[in-house]
Amino acid sequence: MKKRFIYADHAATTPVSDAVLQEMLPYFQTHFGNPSSIYAKGRENERAIMDARARVAACLGAQPGEIFFTAGGSESDNWAIKGTAIQLAAQGKKHIITSVFEHHAVLHTCEFLEKQGFSVTYLPVSPEGLIDPADVEKAICEDTALVTIMYANNEIGTIQPIAEIGAICKAHGVLFHTDAVQAVGNVEIDVKAQNIDMLSLSGHKLHAPKGVGALYVRKGIRLPNLIHGGGQEMGRRAGTENVPGIIGLAKAMELATADIPGKIAKLTPLRNKIIDGILKIEQTRLNGDREHRLCGNVNISIVGVEGESLLLMLDNFGVAASSGSACTSGSLDPSHVLLSLGLKHEVAHGSLRLSFGEEFTEEDADYILSVIPQVVDRLRAMSPMWETIVKEGRKLV
Ligand SMILES: *Cc1c(COP(=O)(O)O)cnc(C)c1O
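A few points on the structure. Since this is a predicted model, take the numbers as computed values, not measurements.

Cut-offs and rules
Residues numbered from 1 in each chain as written. Predicted model: local features only at pLDDT ≥ 70, side-chain atom pairs only at ≥ 80, totals over all residues. Heavy atoms only, no water. Helix = DSSP H or I, 4+ residues; strand = E, 2+ residues; numbered from the N terminus. Buried < 20%, exposed > 50% of the residue type's maximum accessible area, 1.4 Å probe, protein only. Pairing = 2+ DSSP bridges. Right-handed = clockwise from strand over helix to strand, strands pointing away. Salt bridge = Lys/Arg side-chain N within 4 Å of Asp/Glu carboxyl O. Patch = residues over 30% accessible without salt bridge, like charges linked within 9 Å, V, L, I, M, F, W, Y side chains within 5 Å. Areas by Shrake-Rupley, 256 points an atom, 1.4 Å probe, with all protein chains shown as cover. Axes fitted to C-alpha atoms, helices over the stretch in contact; angles between N-to-C directions. Contact = heavy atoms within 4.5 Å. Polar contact = N/O pair within 3.5 Å; in protein donor to acceptor, adjacent residues only side chain to side chain.

### Notes on unusual backbone geometry
Turning to step 1, where the next piece is worked out: The phi angle at H207 is positive, at roughly 75 degrees, despite the residue not being glycine.
Turning to step 2, where the next piece is worked out: Relative to the assigned elements, H207 resides in the loop between strand 7 (198–202) and strand 8 (213–217).
Turning to step 3, where the next piece is worked out: The exposure class assigned to H207 is buried, which follows from its relative accessible area of 15%.
Turning to step 4, where the next piece is worked out: A positive phi angle, near 55 degrees, is found at Q283, a position not held by glycine.
Turning to step 5, where the next piece is worked out: Tracing the backbone shows Q283 in the loop between helix 8 (260–279) and strand 9 (284–286).
Turning to step 6, where the next piece is worked out: Here Q283 falls in the buried class, since its relative accessible area comes to 9%.

### Some thoughts on the pairing of strand 3 (residues 95–99)
Turning to step 1, where the next piece is worked out: Within strand 3, 5 of the 5 residues are buried, which leaves it mostly tucked inside the rest of the structure.
Turning to step 2, where the next piece is worked out: Of the two faces of strand 3, the one carrying H95, I97 and S99 and the one carrying I96 and T98 are both buried.
Turning to step 3, where the next piece is worked out: Relative to strand 4 (residues 119–123), strand 3 is paired through 5 bridges, and the arrangement is parallel. Counterpart to I97 in the pairing with strand 4 is T121.
Turning to step 4, where the next piece is worked out: Regarding topology, helix 4 (residues 104–115) serves as the crossover connection from strand 3 to the parallel strand 4, and that connection is right-handed.
Turning to step 5, where the next piece is worked out: Taken together, the 3 bridges between strand 3 and strand 5 (residues 144–148) define a ladder with parallel strand orientation. Pairing of H95 across the sheet is with T144, part of strand 5.

### Some points on the pattern of salt bridges
Turning to step 1, where the next piece is worked out: Following the criterion strictly, the structure yields 16 salt bridges and no others.
Turning to step 2, where the next piece is worked out: Between K192 and E66 there is a salt bridge, with its nearest N and O atoms 2.7 Å apart. Pair noted here: K192 is in the loop between strand 6 (175–179) and strand 7 and E66 is in the loop between helix 2 (40–60) and strand 2 (67–70), with a separation of 126 residues, a long-range link.
Turning to step 3, where the next piece is worked out: On the basis of relative accessible area, E66 is assigned to the buried category, the value being 3%.
Turning to step 4, where the next piece is worked out: Here K263 and E358 are joined by a salt bridge, their closest N and O atoms 3.2 Å apart. A residue pair is termed long-range when its members are at least 10 positions apart, and K263 in helix 8 and E358 in the loop between strand 13 (351–355) and helix 12 (362–381) qualify at 95 residues.
Turning to step 5, where the next piece is worked out: Each of E23, D51, R55, K251 and E254 takes part in one network of salt bridges that share partners.

### Quick look at a nonpolar patch on the surface
Turning to step 1, where the next piece is worked out: Taken together, the side chains of V16, L21, L25 and F28 make up a nonpolar region of the molecular surface, amounting to roughly 320 Å² of accessible area.
Turning to step 2, where the next piece is worked out: For V16, the position within the fold is in the loop between strand 1 (6–7) and helix 1 (18–24).
Turning to step 3, where the next piece is worked out: Looking at V16, the relative accessible area reads 34%, which means it is partly exposed.

### A word on the sheet that holds strand 4
Strand pairing in a sheet relies on backbone hydrogen bonds. The paired strands run either parallel or antiparallel.
Turning to step 1, where the next piece is worked out: Sheet architecture is open: 7 strands sit in the order 2-8-7-6-5-3-4, paired in mixed fashion. A single partner strand is all that each edge strand has here, and the edge strands are strand 2 and strand 4. The average undirected angle you get between the axes of adjacent strands in this sheet is 20 degrees.
Turning to step 2, where the next piece is worked out: Taken strand by strand, helix 2 contacts strand 2 and strand 7, and its axis lies near 110 degrees from that of strand 2.

### Considering the environment of D179
Turning to step 1, where the next piece is worked out: Examined against the element boundaries, D179 turns out to sit in strand 6.
Turning to step 2, where the next piece is worked out: Along the backbone, D179 and S74 are 105 residues apart, and their C-alpha atoms lie at a distance of 9.2 Å.
Turning to step 3, where the next piece is worked out: Excluding residues within four positions of it along the chain, D179 makes contact with D77, H103, V106, I149, M150, Y151, A152 and S200.
Turning to step 4, where the next piece is worked out: Engagement of the side chain of D179 in a polar contact is seen with the backbone nitrogen of V181, the distance being 3.0 Å.

Written out as C-alpha cells, the structure reads:
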C-alpha cells in the first residue's frame, strides 16, 4: 500500500480546524481590544465573550452564567477540586472520592490535597475499565466533600456511568465533578439531566487551540477563586481573557456537538474493524470495554513488543500514534491506567493507542491494518523476550 500520513493521536491533541481558525483570526488584530475597556473596541469583545459563553453553555445544557473560561483542562480540574476542597473544609468535610485511573490533572491534585490533610478514596476500576456506581455510593461518608470521576478515559476510551454516579451524589448531597475533556464532542452531555455539578473541558482536544478550556459550575455553587486578580469571568477567574481562544472554543464546541450520533455511526465500524484486525495477531488484548467506549479509541496490548519501538516504526510508516508506556513523560513506568486494569507490567509496556477524529476514513483503517502486522512481526523477530515466550509456550494475555 502507498505510504500515507495518518494522525491517530487525537486523544493527545487535535489540529485547529479551518472553521475555528477563520472565526478566531479577526480577534488577533482587528478586534484586539481589552474586554474590560470602556470604549467600543473593548465593549465589543466583552459582548463576543458573552456570546461565546452562551454558545458553550448551550452545547452542555447549561446556563451562560455557569460557564467559566480557563486555560484548559488541567486548570479546570485543579479549580474544581481545590476550590471545592477549600470551600467544604470550612464545614469539616475533608474527604474526596476519585478513581485510580484519572488523568494526572486530577490525581496529582488529589495527592497534593492529601498532603494538606484531606483524605482521598481512590476507587478501583473493573478489568474492563469501568467504575461501578455502587462503589461510589459505598465510599460516600459524612465527611465527603466531592466525588470526581472522569467521563471518558483518555487512554482506553471507556465511558463511565456518569448519570448514575450523578444521581447517587445528588441523593447524598455530595458535589460531583467530572473531567469530560475526552468526552465532549463524542458523547451527548446534558449537565442537568445527568446531575453534574462541575465539568471540565479543553479546547485542544476538539479542534480549538491549546491553552483554552472551560469549567461548568452549577449555579448556587460558590467555588472560591483559584486565580486571584482582576474581575474577569464574573469575578471568579482573574486575567485578561484569551479572546481569540474563547471565540475558537465556542465555534469548536458547536461543531463538535452538532452531530454526535452521526460521528458515532461513522467511526464505530472503523474502530471495530481496526480492533478486530489487530486482535487477529496472536497474544494481543483489547484494553477497555468494547461497548462503553469512545468511537475513536483503540487501545491494544501486543505481547513481545516495546511501546516505544512500536511507535517509532509506525512513525516511519507515517502513522502517528501513542503508547501505554509513559516514555513520553520521561519515565519508564507503564501507564497507571493500564496497570489499574490488572495488566502485567510487561504487557502494559507493549500497548498501542490509536485515537482518531471525524476525518478518519476506511482507507486510513486499511492502511493501519496493513502496516501493524508487518511492524509487529519485525519487532518480535528482534525481541529476546518474545523468543523466550514462544519457546516456553507462555500465554501472557
Ligand atoms: C488532555 C486532558 C486533560 C488536560 O487538558 P489540558 O487542556 O491539556 O490541560 C485533562 N484530562 C483529560 C482526560 C485529558 O485528556
